[in-house]
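# Structural description and commentary
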Amino acid sequence: MGAMIELVDVVKRYGDVVACNRLNLAVDQGELVTLLGASGCGKTTALRCITGSLRPDGGRIIIDGRDVTDVPTHKRNIGVVFQNFALFPHLTVVDNVGYPLRVRGVRSAERRERAIEALRLVRLDGLGGRFPRELSGGQQQRVGLARAIVYEPTVILFDEPLSNLDAKLRLEMREEIASLKDRLGFTSIYVTHDQEEALSLSDRIAVMKDGVVHQVGRPTEIYGAPKTAFVAEFLGNPNRLTGVCVERTEDQVVVEADGQRIAAIAESDTPKVGERAVVYVRPESVRIRNGTASADESTLRATVVRSAFLGDSTEYILSLSDSVSWHLRLEHTTRLTVGEAVDLSALRAGCRAFALGESADDGTHRGASAEA
Amino acid sequence: MAVQFLRRLRSGGPGTSSARHPGGRAVTAALLVPAIAFLALFFFYPILITFGTSITPANGTGVTLEEYLTILSSPKDWGVIALTLGLAVGTTVISVLLAVPLALILRRRIRGHRALRLLVLAPLMILALVSALGLLILWDRNGWLNLLFSRLLPFSDGPLQIDYTIPGLLIFYTWLYSPFTILTTLSAVEGIDPNVEEAARVSGAAPWRVFRSVTLPLAWPGIRAGSVLTFLLAFGAFSVPLIAGGNHRPLPVLIYTEAAVFQNFERGSALAMVMAVVALAAIALYTRFSSKPVRGSAG
Amino acid sequence: MTAVAVAAGARIRPRVGPGLSRLITYTFLLAFVLYVLSPFLAILVTSIAQDWFGGRILPGSLTLRWFDWAFNVTNLPGVMANSFIIAGLTIAISLVIGIPTAWALGRRHVRARNVLMTLILLPKTVPPITFALGLSREFYSFDLVDTHLGVALAHTTLALPFVVLIMSATFAGLDERVLEAGRVCGGNWFRNLVHLVLPMAMPGLMASVLFTFVTSFNEFTLTLVTYGPDTLTLTVQTYLAIGDGFLEVASAISVVLLVPSVILLLLIQRQIRPENILGGVKGL
Ligand SMILES: Nc1ncnc2c1ncn2[C@@H]1O[C@H](COP(=O)(O)OP(=O)(O)OP(=O)(O)O)[C@@H](O)[C@H]1O
Ligand SMILES: Nc1ncnc2c1ncn2[C@@H]1O[C@H](COP(=O)(O)OP(=O)(O)OP(=O)(O)O)[C@@H](O)[C@H]1O
Ligand SMILES: [Mg+2]
Ligand SMILES: [Mg+2]
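Just so we're clear, the structure is a prediction, and the values are computed from it rather than from any experiment.

## Focus: the overall build of chain C
On a plain count of helices and strands, chain C comes out with twelve helices and two strands. In sequence order, chain C lays out its α and β elements as α-β-β-α-α-α-α-α-α-α-α-α-α-α. Classification of the 284 residues of chain C by burial places 55% in the buried group. For chain C, contacts bridging at least 24 residues in sequence account for 72% of all contacts bridging at least 6. Counting every atom, chain C has about 12,500 Å² of accessible surface; 68% of that belongs to carbon and sulfur.

## Let's talk about the layout of surface pockets
Volume-wise, the largest pocket comes out at about 1,700 Å³. Lining of the largest pocket is provided by 38 residues; of these, L104(B), R108(B), R201(B), P207(B) and S21(C) occupy positions nearest its centre. At the level of elements, α4 (75-106), α9 (194-202) and α10 (207-236) of chain B together with α1 (16-47) of chain C are the ones that each hand at least two residues to the lining of the largest pocket. With nine residues, the top contributor of residues to the lining of the largest pocket is α1(C).

## Looking at the pattern of salt bridges
Residues and elements named next belong to chain A. Scanning the entire structure with this criterion turns up 24 salt bridges over all chains. Between E297 and R287 there is a salt bridge, with the nearest N and O atoms lying 2.9 Å from each other. Here R287 lies in strand β15 (residues 286-288) and E297 lies in strand β16 (residues 297-309), a separation of ten residues in the sequence. Owing to a relative accessible area of 14%, E297 belongs among the buried residues under this scheme. A residue is classified by how much of its surface remains accessible, and R287, at 30% relative accessible area, is partly exposed. Salt bridges sharing partners connect three or more residues here, namely R55, R60, D67 and D70.

## Quick word on the domain arrangement of chain A
The domain architecture assigned to chain A consists of domain 1 (3-224) and domain 2 (237-358). For domain 1 of chain A and domain 2 of chain A, the distance between their C-alpha centroids amounts to 38 Å.

## Overview of the site of ligand 1
Residues and elements named next belong to chain A. By nearness alone, every residue bordering ligand 1 is listed as Y14, V17, A19, S39, G40, C41, G42, K43, T44, T45, E160 and H193. Residue G42 places a main-chain N or O atom 3.0 Å away from an oxygen atom belonging to ligand 1. A distance of 3.4 Å separates an oxygen atom of ligand 1 from a polar atom in the side chain of H193. Here ligand 1 loses 59% of its free accessible area of 630 Å² to cover by the protein chains.

## With respect to the domain arrangement of chain C
Residues and elements named next belong to chain C. Domain assignment breaks chain C into domain 1 (19-50 + 58-63) and domain 2 (76-277). Placing the centre of domain 1 and that of domain 2 at their C-alpha centroids yields a distance of 33 Å. Of the roughly 480 Å² buried between domain 1 and domain 2, counting both surfaces, carbon and sulfur atoms make up 83%. The largest per-residue losses of area from domain 1 upon contact with domain 2 belong to I43, T46 and S47, which jointly make up 70% of the total buried on that side. The tally of links from domain 1 across to domain 2 stands at zero salt bridges.

## Observations concerning a nonpolar patch on the surface
Together, L41(B), Y45(B), L48(B) and F142(C) make up an exposed nonpolar region whose accessible area comes to about 380 Å². Here the nonpolar patch gets three residues from one element, more than from any other, and that element is helix α2 (residues 24-54) of chain B. The class for F142(C) is partly exposed, based on a relative accessible area of 41%.

## Overview of the packing of helix α4 (residues 137-149) of chain A against helix α5 (residues 167-184) of chain A
Pairs of packed helices are described in terms of their axes, by the angle between the two and the distance that separates them. Residue and element names in this part refer to chain A. Contact pair α4 / α5: the axes reach a minimum separation of 11 Å and the direction vectors enclose 15 degrees. By the angle between their axes, α4 is roughly parallel relative to α5. As for how α4 packs across α5, the hand of that crossing is right-handed. Here G138, Q141, R142, L145 and I149 of α4 lie close against α5, whose contacting residues are L169, E172, M173, E176, I177, L180 and L184. Class assignment of the residues belonging to the contact of α4 with α5 gives a composition of seven nonpolar, two polar and three charged.

## So, the sheet that holds strand β6 (residues 78-81) of chain A
All names here are of chain A. In space, the six strands of this open sheet follow the order β6-β7-β8-β3-β9-β10, with mixed pairing throughout. Single-partner strands in this sheet number two, and they are β6 and β10 (212-217). Each strand axis lies, on average, 20 degrees off the axis of its neighbour in the sheet, ignoring direction. When strand β7 (residues 155-159) meets strand β8 (residues 187-192), the two strands line up parallel, connected through five bridges. When the bridges of β8 are listed, D159 appears paired with V191.

## Considerations on the site of ligand 2
Residue and element names in this part refer to chain A. Close contacts around ligand 2 come from R130, E134, L135, S136, G137, G138, Q139, D166 and L169, and that covers them all. One of the side-chain N or O atoms of R130 is found 2.6 Å from an oxygen atom in ligand 2. Within the contact set of ligand 2, an oxygen atom lies 2.9 Å away from a side-chain nitrogen or oxygen of S136. Taken by itself ligand 2 offers 640 Å² of open surface, and the protein chains cover 41% of this. At three residues, the largest contribution of residues to the shell around ligand 2 is made by α4.

## Details of the sheet that holds strand β1 (residues 3-14) of chain A
Residues and elements named next belong to chain A. Strands sit in the order β2-β1-β4-β5 across an open sheet of four strands; the sheet is antiparallel. Looking at which strands have only one partner, the edges of the open sheet turn out to be β2 (17-28) and β5 (66-67). Bridge count between strand β4 (residues 58-63) and β5: two bridges; the pairing is antiparallel. Bridge pairing in β5 links I62 to D67. Its contacts with the sheet put helix α1 (residues 43-51) on β1, β2 and β4, and the angle it makes with β1 is roughly 115 degrees.

## Regarding the nonpolar core
Judged by nonpolar contacts, the single largest core of 180 residues is most densely connected at I50(A), I189(A), V240(B) and F32(C). Every residue in contact with F32(C), bar those within four places of it in the chain, is listed here: L98(B), L102(B), L116(B), L119(B), V120(B) and I182(B).

## Details of helix α3 (residues 108-121) of chain A
Residue and element names in this part refer to chain A. With 14 residues, α3 ought to run about 20 Å at 1.5 Å a step, and its terminal C-alpha atoms sit 20 Å apart, in line with that. All buried positions along α3 are accounted for by R111, A115, A118, L119 and L121. The buried residues of α3 occupy one face: seen down the axis, they fall within an arc of 155 degrees. Facing away from the buried side of α3 by over 90 degrees, the exposed positions are A109 and E113. Next to the buried residues of α3 lie α2 (93-103), α4 and α5.

## Let's talk about the side chain of T90(C)
Residues and elements named next belong to chain C. Inspection of the secondary structure assignment puts T90 in helix α3 (residues 76-107). A residue is classified by how much of its surface remains accessible, and T90, at 0% relative accessible area, is buried. Of the polar contacts made by the side chain of T90, one reaches the side chain of S216; its length is 3.5 Å. Every residue in contact with T90, bar those within four places of it in the chain, is listed here: A152, H155, T156, A159, T212 and S216.

## Some words on the confidence of the model for chain C
Where the model shows low pLDDT, its predicted coordinates should not be examined in detail. Residue and element names in this part refer to chain C. On average, residues of chain C score 81 in pLDDT, and 86% of them are at 70 or above. When the criterion is pLDDT under 50, residues 279-284 qualifies, and its contacts beyond four places in sequence or with other chains add up to 31 contacts. Reported for the predicted complex are a pTM of 0.81 and an ipTM of 0.81.

## With respect to the interface of chain B and chain C
If you look at the interface, chain B gives 98 residues, while chain C gives 96 residues. Taken together, both faces of the contact between chain B and chain C bury some 9,000 Å²; the carbon and sulfur share is 78%. Here chain B and chain C share zero salt bridges between them. At the boundary of chain B and chain C, one finds four residue pairs in polar contact (both at pLDDT 80 or more). For the side of chain B that touches chain C, the element with the highest residue contribution is α2(B), accounting for 21 residues.

## Some remarks on the packing of α2(B) against α3(C)
For the pair α2(B) and α3(C), interaxial distance at closest approach is 8 Å and the crossing angle is 130 degrees. Compared by their axis directions, α2(B) and α3(C) come out oblique. When the axes of α2(B) and α3(C) are compared, the crossing they make is left-handed. Residues T28(B), L31(B), L32(B), P34(B), A35(B) and F38(B) of α2(B) lie in contact with α3(C), whose contacting residues are I97(C), P100(C), T101(C), W103(C), A104(C) and L105(C). Looking at the contact of α2(B) with α3(C), its residues break down into ten nonpolar, two polar and no charged.

Quick notes on the rules
Residues numbered from 1 in each chain as written. Chains lettered and ligands numbered in written order. Predicted model: local features only at pLDDT ≥ 70, side-chain atom pairs only at ≥ 80, totals over all residues. Heavy atoms only, no water. Helix = DSSP H or I, 4+ residues; strand = E, 2+ residues; numbered from the N terminus. Buried < 20%, exposed > 50% of the residue type's maximum accessible area, 1.4 Å probe, protein only. Contact = heavy atoms within 4.5 Å. Areas by Shrake-Rupley, 256 points an atom, 1.4 Å probe, with all protein chains shown as cover. 1 Å grid on protein atoms, 1.4 Å probe; cavity = no way out; pocket = protein on both sides within 12 Å on 5 of 7 lines; lining within 4 Å. Points joined across faces, edges and corners; volume = space filled by probe spheres on them. Salt bridge = Lys/Arg side-chain N within 4 Å of Asp/Glu carboxyl O. Domains from an automatic or database assignment. Near = heavy atom within 4 Å. Polar contact = N/O pair within 3.5 Å; in protein donor to acceptor, adjacent residues only side chain to side chain. Buried area = accessible area lost by both parts, 1.4 Å probe. Patch = residues over 30% accessible without salt bridge, like charges linked within 9 Å, V, L, I, M, F, W, Y side chains within 5 Å. Axes fitted to C-alpha atoms, helices over the stretch in contact; angles between N-to-C directions. Parallel < 35°, antiparallel > 145°, perpendicular 65-115°, else oblique. Left-handed = near helix turned anticlockwise from the far one by under 90°. Nonpolar A, V, L, I, M, F, W, Y, C, P; charged D, E, K, R; others polar. Pairing = 2+ DSSP bridges. Core = buried A, V, L, I, M, F, W, Y, C linked by side-chain atoms within 4.5 Å. Expected span 1.5 Å × (residues − 1). Arc of directions from axis to C-beta. pLDDT = per-residue confidence, 0-100.

Right under this line is the structure:
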């Protein structure tokens, strides 16, 4: 099956900044691929290369088998949903949605019909006569969505479409986009830095950093089997422990830090014995030990530092050493008090070890957020 | 009304402050009195005098509309009104044609755009007479521009006569009064969200269509606001046509000549009143017919 | 991989469009720069030109004679003093009269404020020549012709609307909470005025002063109908010099006039927002 959108070695520089550094990505027909990455990693730049508003300094962009690198934006037949909605303020909702049809020479009656149909799809029936400023934020983004799907473009690009909406609305709109995609089957690239959004919405996720895609895969793959320290760090808000690799066998590596030992799954690129290493531990793989640990669990000692009540659960900040603190979410059935010493069990399947080579900063940078 | 339109533009909405201060209405009234009294004395009263003069017969007593009737029945005077309006409209149109591309270039913040912005302001700060003098020298039959043309166009027969002609006045007026249009157009164009134009492009609109259906309608309020000013200034221009108009005398020059040179105050005053009415009517029409711009014609 | 043959990291051939539009853009800008600057250049060269006839690109020789004439024959220092005195008076009168009204319009409940504002702005909407004749007659009967005060009063009709406009917007924009805090802290109204209102209103005040200065300094029509031998201003003097056909002397005077304008331009550039511009930089 041929890819619907393909980026081949796309390079884009702004002066000294390399926003896209030989970016490669292929999106299949009907697939939704998320570009996930921290602010400034080049997501918008990549998207703007696809729309044609930016001209890559190198590489090709292929849409539906056609090399569009030299095709101007308006001939690419792409739909875009913008972060700030970007509705035409001087046109009514119906005219906004009908605009792409209008520039395609669709007659007024049919245009209206199709615009109203698109508005119905995004559940905005009856608001066609309003101007964008008379709509709430959520409604405006629905209009943006309707405008992007009305002409059934080959692909639809989303640039953080939900980040200007409040939390509840964001959830609702996420569902909306997912169901629209199921019904209409469009191919899309979806930019976000919200990992939850990415995990729940995507067929595949491409994790980006500094203009390079680190890993592409299904959400479960990306989450469960991160290939680089950055990917492990970026998703799932993991706990982190830095130390030295002391043992490496067929199915596990053991890392020792401040007198504590932790076992992680062995991968092809796991650290060698004697090398500095960082272990990422999924919070859901950590529990308070009661009784003895099973063979595939490591035991760690910690002190409770702080607790935060979250409604359905409580989050505890635990200190493993002076410089390492973990967070752990517990149901109310277990209660810890601040100052209490506890034994933790970390499931090996939830731990990944990476060598701290020249890319040492991968871990240390982001680590701050996990330890906060 | 036009004036209200200007006021709304200028003050940026009703500056309502809910604060009710001590002293009540008496204090408010006292604060308002100086300005009102001043304008009554030095603006409205002079207009009244002008009006009074215009309806007083030359021998001194009674009331007559003779001067107005003379103006209305004189093709020459109609010609003057048409010339004045024509120059104002022409200047406004040329200014918009100059302002829009310039604004589209300056919004991109190319290198040196700050200096260019300052340059746009220059004609506003300099005495119109000085500018007119410079333009007269520049466009003189032996001036630089004619020297340039005579070298570039070897087949041209003799120097171009620009000074003291109607095209010359249009060139001068545009130089003097277009900055108003340029500045407001620039500010309007810079206020447009680039994503909105981007949205039009990805929707399939070619560049010219994006301009026509999105950029222009969104910039229109700014273009209109500045061009009203350009229109008003061109319509009321006095010093420039006085020294650079030659035989072409727009209303202000005619009014001044009648009153100061021929001492015919009655006719001068009547012409002044006609001018005031035409000015207000013209702005009212202008704002009315430009208030619904290219809107809706997204195609 | 698609069927499209792709050379990895292939160089992209330049598009013709951008290059051409770039050329057009810069040609347009260059033309604009020349268009704005050339009259100034023409004046500068004329003011020091000698033997500049018959299709020469530049004058045969240079001289400072015209400046000498301008200063001695036309009494430029005296004329310039008149211009500054009148501009100063105009600023004072406009502020004294305009600020109370602006305060009322900006901060107090005024009935019929729209009508009032329209009336106050009317002098900027009709060309000055329409009331200049009446004003001149009035001034003759009040003996205001050829007095600095008289010319300044005439100029104030044009400056006042602008001062009221800018200052009422400034006052309306004052942060009520800060003023409230001032009152709560027990400051009397004078202290509040000096320590709170004045600093906050400073930008508006500066804009008013600068624009009033420019209005008065450059006003031609209302000066022409109210001036006399003792109140000759730079504007009228320039006009007289041009009228006499002494373009070189007129150019020299113009160069002198350009100096304060350029200084002002640099001072004022930050104040110039379209809403201020619409208040009108120079008289109609
Ligand atoms: N017009 C520009 N000029 C110079 N540098 C730019 C420009 N646009 C983006 N950059 C830089 O390129 C890099 C990538 O920017 P981009 O907007 O693609 O990031 P992003 O991943 O979309 O970030 P965000 O999540 O904040 O939207 C950043 O370092 C940014 O500062
Ligand atoms: N100027 C207006 N004219 C007509 N209807 C309007 C106007 N402004 C808002 N509405 C309508 O009022 C309702 C509430 O709008 P509002 O903008 O307050 O929503 P909101 O709670 O802020 O939502 P959101 O989180 O989506 O921004 C919406 O149905 C909206 O369409
Ligand atoms: Mg972005
Ligand atoms: Mg809202």
